[in-house]
Amino acid sequence: MPTQYIKTILGFAGVDEVIKINIEGIDHSPEKANVIMQEAIETAKQTAQVF
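Residues numbered from 1 in each chain as written. Predicted model: local features only at pLDDT ≥ 70, side-chain atom pairs only at ≥ 80, totals over all residues. Heavy atoms only, no water.

Student: Looking at this structure, I do not really get the overall build of the chain. What am I missing?
Tutor: The number of helices and strands found in the chain is 2 helices and 0 strands. The C-alpha atoms of the chain give a radius of gyration of 14 Å, which is well past the 10 Å a tight globule of 51 residues would have. Structurally, the chain occupies a C-alpha span of about 40 × 25 × 10 Å along its principal axes. For the chain, the residues scored as buried account for 8% of the 51 residues in total. About 4600 Å² of surface is accessible on the chain, with carbon and sulfur atoms providing 56% of the total. (Helix = DSSP H or I, 4+ residues; strand = E, 2+ residues; numbered from the N terminus. Rg over C-alpha atoms; globule rule 2.2 N^0.38 Å. Buried < 20%, exposed > 50% of the residue type's maximum accessible area, 1.4 Å probe, protein only. Areas by Shrake-Rupley, 256 points an atom, 1.4 Å probe, with all protein chains shown as cover.)

Spelled out as structure tokens, the structure:
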């Protein structure tokens, strides 16, 4: 649901392509939070290069 809201708002601004990157597990494994975040950041960087 939140993703659709963001897509709608961005659509009004003319953005028609939204790529979602899931970040899961931080709440279940707080000790791995830094690793999970770094992986998500790396995924975002790779996605931005081809976007």
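What follows continues from the structure just given.
Student: Could you clarify how one ought to interpret the environment of Ala44 in this entry?
Tutor: Summarising the element assignment, Ala44 is placed in helix H2 (residues 33-50). Note: C-alpha distance between Ala44 and Ile21 (23 residues apart in sequence) is 7.2 Å.

Student: Please explain H2 as it appears in this structure.
Tutor: Structural remark: α-helix, 3.6 residues per turn; residues separated by three or four positions point the same way. Taking 1.5 Å as the rise per residue, H2 with 18 residues should run 26 Å; its terminal C-alpha atoms sit 26 Å apart, in good agreement. Of all the positions in H2, only Ala33, Ile36 and Ala40 are classed as buried. Projection of H2 onto a plane perpendicular to its axis shows the buried side chains occupying an angular sector of 70 degrees, all on one side. Opposite the packed face of H2, turned more than 90 degrees from it, sit the exposed residues Asn34, Val35, Gln38, Glu39, Lys45 and Gln49. (Expected span 1.5 Å × (residues − 1). Arc of directions from axis to C-beta.)

Student: Even after reading the chapter, I still don't get the environment of Ala40, so can you show me in this structure?
Tutor: Following the sequence through the fold, Ala40 ends up in helix H2. With relative accessibility at 12%, the residue Ala40 sits in the buried group. Between the C-alpha atoms of Ala40 and Asn22, which are 18 residues apart in sequence, the distance is 7.6 Å. Setting aside residues up to four positions removed in sequence, Ala40 forms contacts with Ile21 and Ile23. (Contact = heavy atoms within 4.5 Å.)

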